[in-house]
Amino acid sequence: MTEKKKRISEIDILKGLGMITVLMDHVLINNAFFYPFEVALFFLAAGYCFNRDKITSGKALSSYYIKQIKSLYIPLLLWNSFFILFNNIWLKLHIYSDDQRILFDPNIEKFFALDQHLTFLQMLKQILKVACLMTSSKLGGVSWFIRALIVVLFVYALLTFLLHKKEKSHVIILIISGLLFIIASIILPTVHLASLDGAVYSGTINEASSSILTNVIGEDTISPSILDVIFRSIFYFFMFSLGQILKDYKFFLKPNVPAIVSSILIILLYGLCRLNDWGNDIFNHFLYAFSGLSAWIIAISIARLIKEFWIGKALKYIGQNTLPIIFMQLLAFKLPMLLELFIYHLSWYYLAAFPSYSQNIFWQIILILSGLLISLGIHYIYKKAKRQKSI
């Protein structure tokens, strides 16, 4: 019988706070101040919780890979396959739309791409791309994070195994990841910046970067979806590696007042740079990394303050169940959006706005709560039914 891993309450609360900001990001406009509290925070937490001492043999590495395939890869594949296979149903229900009016509607400010009817063969091709970690379905778009996490976990675990005889293997890996981050920021700043914010890579890369890529990997092999995974993974591999270093310094788990104040100032600077387009891409990449670390300090400080109160316990529960929220939130948004459509007599294509549409702050709050509660509710029902079946 294997020993159950002890969870750290502060980390679970931190992940809960991060998930709330992810939902806010998909609902609110001009949300640059939330970015450091989102995905970078999750990778720092994942790195902090990674147990490098257990991966000292090929058998341990294989067991770790199997565990991650079961807990991350299979849910990623199943959820996205479900969304893809129901593509034509989503079109009929107006959850997807091929109505070109949505592209020119000034009330819809979020990114949107027209959908189309898919043949079964086209669906299978999309599922194959998901299986190769090259893309996600539209409703499963938030799961790009899981794709990047799988890549990071597998590569980091492999490097840990290869370097396990080195006393400071995690420091060596941090140096490697830092160098990769610097190189990626210089060679492909435009692609890298888009990837950090979770935006869809549009194929816009500068002339010099395009030339470098063409010479290195060939003219016909540059795939937007592959680049998207690569450059997200490079940055978050660096943040994951940094999370391992945090484990060695209790200062970051028990921050002091100067650290908190400095962190707030760094995040404010990052938000102002994003909103006002200050600095260049490379500067903003490094500022984003510092902002992620600052978000860690702030979130851990909040977690320590509220962990004994009901709000802390609620956030802890959210942090322990982030996966269903990642996969189901965009679909969960559709219920309040449908209600809003009927109340305000909106056109059907508003239901297909991506990732969401809302008239005002009231509806934005409803959307956030729906993305959270509906996802957790469905997951709770599923777990309860699974437990009853096993009895």
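The sections below set out a description of the structure shown in this document.

Each value, and the rule that gives it
- Residues numbered from 1 in each chain as written.
- Predicted model: local features only at pLDDT ≥ 70, side-chain atom pairs only at ≥ 80, totals over all residues.
- Heavy atoms only, no water.
- Axes fitted to C-alpha atoms, helices over the stretch in contact; angles between N-to-C directions.
- Helix = DSSP H or I, 4+ residues; strand = E, 2+ residues; numbered from the N terminus.
- Parallel < 35°, antiparallel > 145°, perpendicular 65-115°, else oblique.
- Contact = heavy atoms within 4.5 Å.
- Nonpolar A, V, L, I, M, F, W, Y, C, P; charged D, E, K, R; others polar.
- Phe/Tyr/Trp six-rings, centres within 6.5 Å; stacked < 30°, edge-to-face > 60°.
- Buried < 20%, exposed > 50% of the residue type's maximum accessible area, 1.4 Å probe, protein only.

**Quick notes on the packing of helix α1 (residues 9-25) against helix α14 (residues 322-332)**
Next, step 1: At a minimum axis distance of 11 Å, the contact between α1 and α14 shows a crossing angle of 5 degrees. The pairing of α1 with α14 is recorded here as roughly parallel in orientation. Touching K15, M19, V22 and L23 of α1 are T322, I325, I326 and Q329, all from α14.
Next, step 2: Looking at the contact of α1 with α14 residue by residue, the classes come out as 5 nonpolar, 2 polar and 1 charged.

**Topic: the packing of aromatic side chains**
Next, step 1: Tallying each qualifying case throughout the model produces 27 aromatic pairs.
Next, step 2: Here the aromatic rings of F82 and F86 are separated by 4.8 Å at their centres, their planes lie at 50 degrees, and the arrangement is tilted.
Next, step 3: Taking relative accessible area as the criterion, F86 reaches 37% and is therefore assigned partly exposed.
Next, step 4: Ring centres of F86 and W90 lie 5.8 Å apart, and the angle between their planes is 35 degrees; on these two criteria the pair is classed as tilted.

**Overview of the environment of S294**
Next, step 1: Assignment of secondary structure puts S294 in helix α12 (residues 281-306).
Next, step 2: For S294, a relative accessible area of 3% translates into the label buried.
Next, step 3: In sequence terms S294 and L41 are 253 residues apart; their C-alpha atoms lie 9.3 Å from each other.

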